[in-house]
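Chain by chain, the residues run as shown.
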Amino acid sequence: MKYKPADNIQDLQYFGEYGGVNPSISDSSTYTFLSAKTMFDTFEGNAEGCYLYSRHSSPSNLYLGEALAAMEGTETANVAASGMAAITSTLLHLCQAGDHIVSSRTVYGGTYAFLKNFIPKFNIQTSFVDITNLEQVEAAITKDTKVLYCESVSNPLLEVADIEALAKIAKKHQLIIVVDNTFSPLSISPKELGADVVIHSLTKFINGSSDTVGGVTCGSQDFINALRSVNDGANMLLGPTMDSMRAASVLKNLRTLHIRIKQHSKNAMFLAEKFQQDGLRTVYPGLKNHPGHETFKRMMNQDYGFGGLLTIDVGSLEKANELMELMQEKNLGYLAVSLGFYKTLFSAPGSSTSSEIPIEEQEKMGLSNGLIRFSIGLDNDIERTYKMMKSCMQEVGVFK
Ligand SMILES: *Cc1c(COP(=O)(O)O)cnc(C)c1O
């Protein structure tokens, strides 16, 4: 039977303090104890169900964490103030000085900058590889390697990682495999395919309303407890905690994720096919000529499609900018970074979200100047959207 991530979320039941249909928000940074002994036990991590201090955990954050763990099929999860907070704490927790990471070279710009420029300060080195080339991945592993890191569907090139095959390599070399699943919530379930730790930027599809940043690390109870340890847990000690009010708000948005993802995927598939027919260089994992199409199909939870992201290449940055400005003027979407909004968002990654990656590297990985990344919105009439986009393209001379 196929994995049912949305059903797992729906099967959870929380009530508020007065029988409300939503859990009550815990509007407190600290918690009282009836006995001094329980306070001590809580510090030691031995008092199940007791709260100590909201940097450690809070009821609202736990509710959201449990819902996301249910979605990913992990034992539990820890929510954080941003996707980068989840990524950096997780990696700093897993690695010590002298350790080595093998990472996909096409990762989120912030993740790339963290691995390339920040953690070498702690003598943690990273080898960047083409994650779709399994021999290259395995060849990059050394005796010091601790972590294999990738995104299920990469930003912004939409490369698809074969998580099953990568998990086998990780297991063989006793590495922890960490998968950032931000681009494909519900569609892909990395834990089911063998990943140890699954991370999301909640900022994107999961929250879906572009009103906050947020992140989560999903994993085993032991691992999440370790992240929260008062003695040496990266999340506890670095303190990237999500606010309770925000956790409650993200949880409410999570409940419509399955409906939104289906619509994002349906609209993106429609546009990708049209753009390709029009002769535009179009990258979308749902297209049969996408190099990762078969891999995605094999891994996916059928109902949710191939996701809301696609890219087209219009030849030059000037043309890309002109087109994006015109599409914004026609209210087809916004010239903005980020993704997963109800409105279509577009940006030229080479000069924005991936600008941390040096130009030579960008070229090597196929990140061209005229690339536009679209996060397709929830448009009700996508055919109308297509016609309007096409007329913008004609106006700026995308078609020769
Ligand atoms: C946005 C994003 C992040 C970073 O998340 P923030 O919430 O902005 O900190 C990490 N990974 C991917 C794939 C992203 O798209």
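Sequence order as written defines residue numbering, which begins from 1 separately in each chain. Residues qualify for local features only when their pLDDT is at least 70, as the model is predicted, and side-chain atom pairs are given and counted only at 80 or more; totals for whole chains, interfaces and linings, by contrast, use all residues. As a convention, hydrogens and water are excluded, and side-chain values are obtained from all of the structure's heavy atoms.

1. Side note on the side chain of Thr182
Thought 1: When you line up the elements, Thr182 lands in the loop between strand S5 (176-180) and strand S6 (197-201).
Thought 2: Of note is the side chain of Thr182, whose polar atom sits 2.9 Å from the backbone nitrogen of Ser201.
Thought 3: Two residues qualify as a contact provided that any one of their heavy atoms is within 4.5 Å of a heavy atom in the partner residue. In contact with Thr182, other than residues within four places in its own chain, are Ile199, His200, Ser201, Lys204 and Phe205. Put simply, DSSP marks the helices as runs of H or I at least four residues long and the strands as runs of E at least two long, and each gets a number from the N terminus on. Two N or O atoms form a polar contact when they lie within 3.5 Å of each other; inside protein one atom must be a possible hydrogen donor and the other a possible acceptor, and for residues adjacent in sequence the pair counts only when both atoms belong to side chains.

2. Points about the site of the ligand
Thought 1: Taken together, 13 residues sit near the ligand, with Gly83, Met84, Asp180, Thr203 and Lys204 positioned nearest.
Thought 2: Contacts to the ligand include Asp180, whose side-chain N or O atom sits 2.6 Å from a nitrogen atom.
Thought 3: Ser201 has a polar side-chain atom sitting 2.8 Å from an oxygen atom of the ligand.
Thought 4: The element that contributes the greatest number of residues to the shell around the ligand is helix H4 (residues 83-94), accounting for 3 residues.
Thought 5: By the convention adopted, Pro, Cys, Tyr, Trp, Phe, Met, Ile, Leu, Val and Ala count as nonpolar, Lys, Arg, Asp and Glu as charged, and the other residues, Gly among them, as polar. Residue composition of the shell around the ligand, by class: 4 nonpolar, 6 polar and 3 charged. Nearness here has a simple test: a residue counts as near a molecule or strand if at least one of its heavy atoms is within 4 Å of that partner.

3. As for the domain arrangement of the protein chain
Thought 1: Where each domain begins and ends is defined by an automated method or by a domain database. Considered domain by domain, the protein chain is made up of domain 1 (5-254) and domain 2 (258-396).
Thought 2: Taking only C-alpha atoms into account, the centre of domain 1 sits 27 Å from that of domain 2.
Thought 3: Taken residue by residue, the interface counts 37 residues in domain 1 and 40 residues in domain 2.
Thought 4: As used here, buried area is the combined drop in accessible area, with a 1.4 Å probe, of two parts when they are placed together. Sorting the residues of domain 1 by area buried against domain 2 places Leu158, Ser187 and Phe205 first, and these three jointly supply 21% of that buried surface.
Thought 5: Each reported salt bridge corresponds to a side-chain nitrogen of Lys or Arg within 4 Å of a carboxyl oxygen of Asp or Glu. Linking domain 1 with domain 2 are 2 salt bridges.
Thought 6: Here Glu164 and Arg298 are joined by a salt bridge, their closest N and O atoms 3.6 Å apart.

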